[in-house]
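Okay, here's what each chain looks like letter by letter:
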Amino acid sequence: MTAPLLVAGVGNIFLADDAFGPEVIRALEQRPLPPEARVRDYGIRGLDLAYDLLGGCATAVLVDAARRGQRPGTLSLIEAEPPDGIVPPEAHGMDPAKVLALATHMGEEPLPRVLVLACEPEVLPAGDEDILPGLSAAVRAAVEPAVTALHTLVPLLLADPAAPAGALGRSMENGPAHPAALPAHAPATAEDR
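Here's a quick rundown of the structure. (Residues numbered from 1 in each chain as written. Predicted model: local features only at pLDDT ≥ 70, side-chain atom pairs only at ≥ 80, totals over all residues. Heavy atoms only, no water.)

## A closer look at the packing of helix α2 (residues 46-53) against helix α3 (residues 96-106)
And step 1. Packing of α2 against α3 brings their axes to within 9 Å, and their N-to-C directions diverge by 50 degrees. On the basis of their axis angle, the class for α2 and α3 is oblique. Helix-helix and strand crossings are classified by hand; for α2 and α3 the assignment is right-handed. Listed contacts from α3 to G46, L47, L49, A50, Y51 and L53 of α2 are V99, L100, L102, A103 and M106. (Axes fitted to C-alpha atoms, helices over the stretch in contact; angles between N-to-C directions. Helix = DSSP H or I, 4+ residues; strand = E, 2+ residues; numbered from the N terminus. Parallel < 35°, antiparallel > 145°, perpendicular 65-115°, else oblique. Left-handed = near helix turned anticlockwise from the far one by under 90°. Contact = heavy atoms within 4.5 Å.)

## As for the nonpolar core
And step 1. Core analysis: the biggest nonpolar cluster contains 28 residues, and V7, F20, V24, L28, L117 and L150 have the highest contact counts within it.
And step 2. Elements supplying a minimum of two residues to this core: β1 (5-10), α1 (20-28), β3 (59-65), β4 (75-79), β5 (113-119) and α5 (143-159).
And step 3. It is α5 that provides the largest number of residues to this core, a total of 7 residues.
And step 4. Judged by nonpolar contacts, the second largest core, of 18 residues, contains L53, C57, V99 and L100. (Core = buried A, V, L, I, M, F, W, Y, C linked by side-chain atoms within 4.5 Å. Buried < 20%, exposed > 50% of the residue type's maximum accessible area, 1.4 Å probe, protein only.)

## Quick notes on the pattern of salt bridges
And step 1. Per the stated rule, a full pass over the model turns up 7 salt bridges.
And step 2. The partner of R31 in a salt bridge is E144, and the shortest N-O contact between them spans 3.1 Å. Taken together, the positions of R31 in the loop between α1 and β2 (37-43) and E144 in helix α5 put the pair 113 residues apart, joining distant regions of the chain.
And step 3. With relative accessibility at 31%, the residue R31 sits in the partly exposed group.
And step 4. Across the pair R45 and D48 runs a salt bridge, and its minimum N-O distance is 3.0 Å.
And step 5. Counted as one network, the salt bridges with shared partners bring together E23, R26 and R140. (Salt bridge = Lys/Arg side-chain N within 4 Å of Asp/Glu carboxyl O.)

## Remarks on α1
And step 1. When you tally the buried positions in α1, you get 8 out of 9 residues, the bulk of the element.
And step 2. Of all the positions in α1, only F20, G21, P22, E23, V24, I25, A27 and L28 are classed as buried.

## Considerations on the packing of α1 against α5
And step 1. Between α1 and α5, whose axes approach to 9 Å, the crossing angle comes to 65 degrees. Classified by the angle their axes make, α1 and α5 are roughly perpendicular. With respect to the hand of their crossing, α1 and α5 are arranged in right-handed fashion. On the side of α1, the interface is formed by F20, E23, V24, A27 and L28, while α5 contributes V143, E144, A146, V147, L150 and H151.

## Some details on the pairing of β3
And step 1. Burial of β3 is extensive: 7 of the 7 residues sit out of reach of the surface.
And step 2. Burial along β3 is two-sided: T59, V61, V63 and A65 and A60, L62 and D64, pointing in opposite directions, are all buried.
And step 3. Relative to β3, β1 runs parallel, the two sharing 5 bridges. Looking at the pairing, L5 lines up with T59 of β3.
And step 4. Alignment of β3 against β5, held across 7 bridges, turns out to be parallel. Its bridge partner lying in β5, V61 is registered against L115. (Pairing = 2+ DSSP bridges.)

## Describing the sheet that holds β2
And step 1. Read from one edge of the open sheet, 5 strands run β2-β1-β3-β5-β4, paired in mixed fashion. A strand with exactly one partner marks an edge of an open sheet, and here the two such strands are β2 and β4. On average, each strand axis in the sheet is inclined to that of its neighbour by 20 degrees, with strand direction left out of account.
And step 2. Pairing geometry for β1 and β2, over 6 bridges, is parallel. Bridging across to β2, G9 finds its partner in D41.

The following block contains the structure:
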């Protein structure tokens with residue numbers, strides 16, 4: 001039987017802060033999520049993730065490093081937009097948009113709801129030729145807050161897969177909060193803080 005919720009760490013452990021997703025999954029071994037959530041490190045295996053997205057889960061939370069123009073270490077929760085046909089499907093690699101396009105191309109059923117728990121990277125090499133293992137200090141400091149955020153978010157999504165993504169309605173970082181850039185939502189206003 002398929003778990004109703006998939007938590008997927010994505011990223012390349014040899015490309016500095018791109019290893020954020022796998023590091024969060026490793027930290028979850030010490031603080032496990034409820035058993036109804038399937039937690040898996042996909043690394044750079046986009047095809048495996050595409051198949052699992054088609055496996056019947058109601059919701060998926062991808063944990064990844066993503067440039068969003070914020071301070072390094074900032075966490076954002078992003079509601080993934082369904083692929084629009086412009087993004088070419090790709091069987092190899094782990095660009096989340098291309099993985100979603102591949103899953104859409106492979107399956108006949110609609111994809112599950114996909115959220116991305118994104119961390120703003122500090123060091124993200126441009127290509128595989130720049131091998132640079134190890135997270136930057138700012139991104140390493142975001143691993144435990146990401147685990148805490150998942151412990152808040154996952155029970156809400158297990159209770160209601162369509163629950164608003166308000167558990168991280170704005171960016172989380174050390175210091176003052178800044179509005180999260182959520183594609184489907186307006187930024188937080190001063191009254192929301």
